[in-house]
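In case you want the letters, here they are:
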Amino acid sequence: MENLEITRIWIGLDDTDTPDYGCTTATFDDLINSISHLSNFRVLERRLVRLWPFAERRTRGNGALSCIIECSSESIIEFESLLSLFFSNLGDSLQNDGEIHPQTSPALVYSFEQINEDFYWEAVRQKVDISDRIKKLSGIKKLTLNSDWGLIGASSAMAWKSNDESTWELISWRYPENIGHKREISSAIVKEMEINHPETFVNRDPTQEKGLIAPRTPCPVLYGIRGSTSESVLSAHKWLQSNPAVEKCQRFAIHRTNQLSDDHIRGFSTSTVLTKPVETKGAHSSLEVTHKGNRKTLVAFKEGGDVNRLLRKLIPGDRINWLGLESPDGSIHLERLRIESSVPRILGRPICCNNKTMRSAGVNQPLRCLFCQKIVLKHWVFENINLTDLELTNGWVEPSPSQRRHLSRPLSLGEPVMLNLN
Ligand SMILES: [Zn+2]
């Protein structure tokens, strides 16, 4: 009689790509395929998890992969030997002149129970100490090459729990012979796809008329389609693949992701502007604000578009709401910005004849025009802050889609539920 006991397994993988070759998403797909023949095998969920953008040893976008699978309990021994075989083959394939690229630290972890979710929260919001993480992972099966750095991403992706708000990304991979050649997918087709599939998002940057779904690196990914449901990304993918002008993919998979979750930031803050903005080299702007009784430097990058434009309009006394990520140097890299209230912008004294400014004879004296001798009470002419050149959503501005972090929630998805931190 067949034993129908089923075991659930969590698997995490990270850091298997080199700067110019491979992609952890494709390697993870290979891994799942290598165990898919196990008896009663089933994938419950595949996950693409983005982590703290400032992590030192990060890959582009700092993403890691994980999944939850099930198989017959009696296949566990085979499962474990397949995984170590897969990992040793991976090690061989990453060898170049007998060495693995020093920036690649592959790690594969698995567990027969859900590991502590805190591992995820720690790694999405701050720097993780590698020796501390290794200590906390004692008892969990780990395979690593080169160094242990990949363990942070692999275990954090495994620890993440999806929820009703979690988004989806369908990733398709290219035929090996196409890798390195230009991807056949025009921005016009991506635009049409988006119109026909309104539940997909961040496919394009309308400010640059640029499609964002296809990477520009020689990696095996053909495109990634993000959306609010798995059905929407699948139907957009089928629509694209049915178009003869679009490159055919070799394979694809749908991932649950923490993209657009804002998990990397804790909420927005309200501050008073203390200094005028300073433009640093590269047209980045920064200024100082009040923050929990101290001073804090807010930085907007040139690529931040409207965030940078709004920051440069601020003057001392303005009250702002802001959302951003604290960088290792302590400054805040802004991701969203809004004016709560602004102080009047003083233009000067009133103007009268010949475009000349009216002047006062001294303290407690009125303003007088030297030409027509008109007298008015002493006052300033001012204007309100001008925001007409900005694209505002409920008063907020954000960077253009191509400059936004994978983790950041776009304003177009509605005002995010945010905790006001002060
Ligand atoms: Zn006059």
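Rules used throughout
Residues numbered from 1 in each chain as written. Predicted model: local features only at pLDDT ≥ 70, side-chain atom pairs only at ≥ 80, totals over all residues. Heavy atoms only, no water. Core = buried A, V, L, I, M, F, W, Y, C linked by side-chain atoms within 4.5 Å. Buried < 20%, exposed > 50% of the residue type's maximum accessible area, 1.4 Å probe, protein only. Helix = DSSP H or I, 4+ residues; strand = E, 2+ residues; numbered from the N terminus. Domains from an automatic or database assignment. Axes fitted to C-alpha atoms, helices over the stretch in contact; angles between N-to-C directions. Parallel < 35°, antiparallel > 145°, perpendicular 65-115°, else oblique. Left-handed = near helix turned anticlockwise from the far one by under 90°. Contact = heavy atoms within 4.5 Å. Patch = residues over 30% accessible without salt bridge, like charges linked within 9 Å, V, L, I, M, F, W, Y side chains within 5 Å. Areas by Shrake-Rupley, 256 points an atom, 1.4 Å probe, with all protein chains shown as cover. Salt bridge = Lys/Arg side-chain N within 4 Å of Asp/Glu carboxyl O.

**A look at the nonpolar core**
Consideration 1: Of all hydrophobic cores here, the largest spans 32 residues; its most connected members are Ile9, Ile11, Ile35, Ile69 and Phe79.
Consideration 2: At the level of secondary structure, the elements contributing two or more residues to this core comprise strand E1 (6-14), helix H1 (24-35), strand E3 (63-72), helix H2 (76-93), strand E6 (107-111) and strand E8 (167-173).
Consideration 3: The dominant element in this core, judged by the number of residues it contributes, is H2, at 7 residues.
Consideration 4: Both domain 1 (6-159) and domain 2 (167-257) contribute no fewer than three residues apiece to this core.
Consideration 5: Ranked by size, the runner-up nonpolar core spans 24 residues in total, among them Trp10, Ile68, Tyr120 and Ala154.

**Comments concerning the packing of helix H3 (residues 118-125) against helix H5 (residues 150-159)**
Packed helix pairs are specified by the crossing angle of their axes together with the interaxial distance, meaning the distance between the axes.
Consideration 1: Between H3 and H5, the shortest axis-to-axis distance is 7 Å and the interhelical angle comes to 125°. Viewed along their axes, H3 and H5 adopt a mutual orientation that is oblique. Crossing geometry of H3 relative to H5 is assigned as left-handed. Seen from H3, the contacting residues are Phe119, Tyr120 and Ala123; seen from H5, they are Ile152, Ser156 and Ala159.

**A word on a nonpolar patch on the surface**
Consideration 1: A cluster of nonpolar side chains, namely Ile346, Trp380 and Phe382, defines an oily patch on the protein surface of about 350 Å² accessible area.
Consideration 2: Mapped onto the elements of the fold, Trp380 is located in the loop between strand E23 (375-376) and strand E24 (381-383).

**A look at the domain arrangement of the protein chain**
Consideration 1: Per the domain assignment, the segments making up the protein chain are domain 1 (6-159), domain 2 (167-257), domain 3 (269-343 + 399-413) and domain 4 (345-383).
Consideration 2: Taking only C-alpha atoms into account, the centre of domain 3 sits 36 Å from that of domain 4.

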